[in-house]
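Each chain, written out:
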Amino acid sequence: MSEMQQPRSAGAGAAGSGAAGALAEIQRRQGQVIRAALVPVWYWWAMAAPIIAYGAARDSGNVAVQAIVIPLAVLVMAVLIGATIPEVRRRVKVHSARRTVARTVAAIFGMIALVDIVAIGTAASLTAARVPHPITIGCAAGAAVLVIAGPLVNRYVRGLMLREARQRLNQAGQAGGRPA
Amino acid sequence: MSTARFDELIHAPTRLEIVSLLAAAQWADFRYIRDELGLSDSALSKQLSTLEAAGYVDIRKGFVGKRPRTWASLSKAGRQAFDEHVAALQRIIARSQLHAGAGPTVPGH
């Protein structure tokens, strides 16, 4: 195990380019795993739609509309969360350090807080200013934040995971360079 | 601590793809690996069996609802062999660059 074995027939240049190709393949496959471990972009749009429907139902003032649309919107969001996230987690679970997990959780909760602040803040301000349909507009603003921030959170988390995967590869290389 | 060891078993193209996927994951679903790599069920089963026989991969079977599912993960020995293989690849690159008179770098950096 301590001696490095290499194919003897290959020349240094050919072996080098073959090894570089293999390392590039390893990095590409690791990126693929990390992408698969994140929710798809359509998920954020699908979550935004029931938020706006909820706001419109509240503004309608019609009890029958509210009785149908509000539970339906909540149901759609629950089904989306209940179907998409477990399916993503069932496919593959990425090897992540505790720090990466903590940053991911912080980014998600930060985004949820931002959506709530924007939606509630906008609706409250518009209500105070007696603007028509304040809750619909507030929810639409919150949904817009979700649609923009969701993919940004995806990108941030993907970056964290990719950096961690590359660090692990480099650490393997450094450890392998030491005398056995 | 890892040492550099070129592993012929891992280096075979399909197995390198499988092990690379599993190295980034705690575990992965059989169907996910099959679809990502564009393999047939039998081709993937064969490669996973080879890796499992070498002690590099652990296979876990279970049910999600009524559907049978299979998950694969790298074993401790598999992760060590992969690290050693990566180290060997990096050393080969460094040596070839020394021959070419360039400084060692890692692809993608």
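Above this text is the structure in question.
Quick caveat, the model's predicted, so the values are computed rather than measured.

Novice: Help me get a handle on the overall build of chain A, residues and values and all.
Specialist: In terms of regular secondary structure, chain A is built from five helices and one strand. Its helices and strands in sequence order give chain A the pattern α-α-α-β-α-α, from N to C terminus. Look at the contacts in chain A between residues 6 or more apart in sequence, and 73% of them connect residues 24 or more apart.

Novice: Please provide a residue-by-residue account of the packing of helix α2 (residues 13-23) of chain B against helix α4 (residues 41-53) of chain B, values included.
Specialist: All names here are of chain B. One can describe the packing of α2 onto α4 by two numbers: an axis separation of 10 Å at closest approach and a directional angle of 75°. Considering their axes alone, α2 and α4 lie roughly perpendicular with respect to each other. Facing Thr 14, Arg 15 and Ile 18 of α2, the residues of α4 in contact are Gln 47, Thr 50 and Leu 51. Along the lines of polarity and charge, the residues of the contact of α2 with α4 split into two nonpolar, three polar and one charged.

Novice: Report on α4 of chain B, specifying residues and quantitative values.
Specialist: Residues and elements named next belong to chain B. Taking 1.5 Å per residue as the helical rise, α4 with its 13 residues ought to reach 18 Å, and the 18 Å between its terminal C-alpha atoms agrees with that figure. Within the span of α4, buried status applies to Leu 44, Gln 47, Leu 48 and Leu 51. Viewed along the axis of α4, the buried residues span an arc of 100°, placing them on a single side of the element. For α4, the exposed residues set more than 90 degrees away from the buried face come down to Ser 42, Ser 49 and Ala 53.

Novice: Explain the pairing of strand β1 (residues 25-29) of chain B to me, using residue names and the numbers behind them.
Specialist: Of the pairings in the sheet, the one linking strand β1 (residues 92-94) of chain A to β1 of chain B comprises three bridges and is antiparallel in character. By the bridge assignment for β1 of chain B, Lys 93 of chain A is matched with Trp 27 of chain B. When β1 of chain B meets strand β3 (residues 67-74) of chain B, the two strands line up antiparallel, connected through two bridges. Its bridge partner lying in β3 of chain B, Asp 29 of chain B is registered against Trp 71 of chain B.

Novice: Describe the environment of Gly 121 of chain A, with residues and values.
Specialist: Take Gly 121 of chain A: it is sitting in helix α4 (residues 98-128). Assessed through the 13 C-beta atoms surrounding it within 10 Å, Gly 121 of chain A is described here as partly exposed.

Novice: Kindly report on the nonpolar core, identifying the contributing residues and their values.
Specialist: Counting residues in hydrophobic clusters, the biggest one holds 46 residues, and the most contacted among them are Val 33 of chain A together with Leu 22 and Ala 28 of chain B. Not counting residues within four places of it along the chain, the set of residues in contact with Val 33 of chain A comprises Val 92 and Val 94 of chain A together with Leu 21, Ala 24 and Ala 25 of chain B. In terms of nonpolar packing, the next biggest core, distinct from the first, is built from 18 residues, Tyr 54, Ile 135, Ile 137 and Cys 139 of chain A among them.

Novice: Which residues make up the sheet that holds β3 of chain B, and what are the values?
Specialist: Within a sheet, adjacent strands bond to each other through the backbone by hydrogen bonds, running parallel or antiparallel. Strands sit in the order β1(A)-β1(B)-β3(B)-β2(B) across an open sheet of four strands; the sheet is antiparallel. For this open sheet the edge positions go to β1 of chain A together with β2 (57-64) of chain B, each flanked by a neighbour on one side alone. Strand-to-strand twist across the sheet, computed as the mean angle between neighbouring axes with direction ignored, equals 20°. Against the sheet, α2 of chain B touches β1, β2 and β3 of chain B, its axis set at about 90° to β3 of chain B.

Procedures and definitions
- Along each chain, residue indices are assigned from 1 in the same order as the chain's sequence is written.
- Chain letters start at A and ligand numbers start at 1, both assigned in the order the entries are written.
- Since the coordinates come from a predicted model, pLDDT governs what is reported: local features require at least 70, and pairs of side-chain atoms require 80 or more to be given and counted, while whole-chain, interface and lining totals use all residues.
- Helix and strand assignments come from DSSP, with helices taken as H or I runs of at least 4 residues and strands as E runs of at least 2, each series counted from the N terminus.
- Remark: residues whose backbone-derived C-beta atoms lie within 7 Å of one another are considered to be in contact.
- Fitted lines through C-alpha atoms serve as axes, helices being fitted only where they are in contact, and the angles separating the N-to-C directions of these axes extend from 0 to 180 degrees.
- In what follows, roughly perpendicular refers to angles from 65 to 115 degrees, roughly parallel to angles under 35, roughly antiparallel to angles over 145, and oblique to any angle outside these ranges.
- For this classification, Asp, Glu, Lys and Arg are treated as charged, while Ala, Val, Leu, Ile, Met, Phe, Trp, Tyr, Cys and Pro are nonpolar and the rest, including Gly, are polar.
- Expected span of a helix: the number of residues minus one, times 1.5 Å.
- With C-beta atoms placed from the backbone, a residue counts as buried when 20 or more other C-beta atoms lie within 10 Å of its own, as exposed when 12 or fewer do, and as partly exposed for counts between those limits.
- Think of the arc as the fan of directions from the helix axis to the C-beta atoms.
- Between any two strands, at least two bridges found by DSSP are needed for them to pair.
- To count as a nonpolar core, a set of buried Ala, Val, Leu, Ile, Met, Phe, Trp, Tyr and Cys residues must be joined through C-beta atoms within 7 Å.

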